[in-house]
Amino acid sequence: SKPDKRWIFSIHAGANVMVSRLRREAIVVQSSGIIGDVRSPNSTNSTIKTSTVISPFVKVNPYLKISMEKNVGGNQYLSIGLIHQQGLSTMYESTVSYKKGNEDFENSIYVRGSYTGLQIVYFFSIIKGRK
């Protein structure tokens, strides 16, 4: 850190390890009904069914963070930055199926663990650095 406590620009790159501790595959099924408008003569009821399959996994996803860091006293730091983690493979899959009138619809959603966001971090160093 700088003795004058100015903000320092930094770039971080690394990998996050994500672990699902399930012993075997899990399936989550949910079903719900939607009642149409009873005032309308053409109203139809709908049924929505969601099933999610979650398997045990260990995923390593790379990330990149661009941030500004500041020494806020002693070995304490504040970091504010933008982070992006890129999921490389599917963690789990959800299938959403629904029926509207006489038509059936089905969509699949694949979750990879990708995200982009603002990260605010307070951290401290156990080992005292050189000035």
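Position numbers for residues count from 1 along each chain, tracking the sequence in the order it is written. A pLDDT threshold of at least 70 governs which residues receive local features in this predicted model, and a stricter bar of 80 or more applies before side-chain atom pairs are shown or counted, although totals over entire chains, interfaces and linings include all residues. Here the side-chain values reflect all heavy atoms present in the structure, with hydrogen atoms and water set aside.

### Re the overall build of the chain
To keep things clear, this is the line we draw: A run of DSSP states H or I qualifies as a helix once it reaches four residues; a run of E qualifies as a strand once it reaches two. Both are numbered from the N-terminal end. Burial classes follow relative accessibility: with a 1.4 Å probe on protein chains only, a residue under 20% of its type's maximum area counts as buried, one over 50% as exposed, and anything between as partly exposed. Residues count as neighbours in contact if any of their non-hydrogen atoms are within 4.5 Å of one another. Method for areas: the Shrake-Rupley scheme with a 1.4 Å probe, in which residue coverage is limited to the protein chains shown.
Assigned secondary structure in the chain consists of zero helices and eight strands. Sequence-ordered secondary structure for the chain, helices as α and strands as β, is β-β-β-β-β-β-β-β. When the 131 residues of the chain are sorted by exposure, 18% land in the buried category. Look at the contacts in the chain between residues 6 or more apart in sequence, and 67% of them connect residues 24 or more apart. Of the roughly 10,000 Å² that the chain leaves accessible, carbon and sulfur atoms contribute 55%.

### So, a nonpolar patch on the surface
Note the cut-off: A patch consists of residues whose relative accessible area exceeds 30% and which take part in no salt bridge; residues with like charges are grouped when within 9 Å of each other, and nonpolar side chains (Val, Leu, Ile, Met, Phe, Trp, Tyr) when within 5 Å. When a carboxyl oxygen of Asp or Glu is within 4 Å of a side-chain nitrogen of Lys or Arg, the pair counts as a salt bridge.
On the surface, a nonpolar cluster with roughly 1,000 Å² of combined accessible area is contributed by W7, F9, I11, L64, I66, M68, I80, L82, L118 and I120. Counting residues per element, the nonpolar patch draws most heavily on strand 4 (residues 57–73), which supplies three residues. Along the chain, L82 turns up in strand 5 (residues 76–85).

### A word on the side chain of E69
Note the cut-off: Here the positive residues are Lys and Arg and the negative ones are Asp and Glu; neither His nor the chain ends is included. Contacts described as polar in this section are N or O atom pairs within 3.5 Å, which, within protein, must combine one atom able to donate a hydrogen with one able to accept it, while residues neighboring in sequence count only if both atoms come from side chains.
With respect to the secondary-structure elements, E69 resides in strand 4. We note that E69 is buried and unpaired, the nearest opposite charge coming from K65 at a distance of 5.1 Å. Among the polar contacts listed, one links the side chain of E69 to the side chain of H12, at a separation of 2.9 Å. Ignoring sequence-local partners within four residues, the contact set of E69 consists of R6, W7, I8, S10, H12, L78, S79 and F123.

### Remarks on the sheet that holds strand 5
The following threshold applies: Note on pairing: DSSP must find at least two bridges between two strands before they are called paired. For helices, the axis comes from a line fit to the C-alpha atoms of the stretch in contact; other axes are also lines fit to C-alpha atoms, and the angle between any two N-to-C directions lies between 0 and 180 degrees.
Reading across from one edge, 1-4-5-8 is the order of the four strands in this open sheet, with antiparallel pairing throughout. A single partner strand is all that each edge strand has here, and the edge strands are strand 1 (8–20) and strand 8 (115–124). Here the strands of the sheet are splayed against their neighbours by 30° on average, with no regard to which way each runs. Pairing of strand 5 with strand 8, which is carried by ten bridges, proceeds in the antiparallel orientation. Opposite L78, over in strand 8, you have Y122 as the bridge partner.

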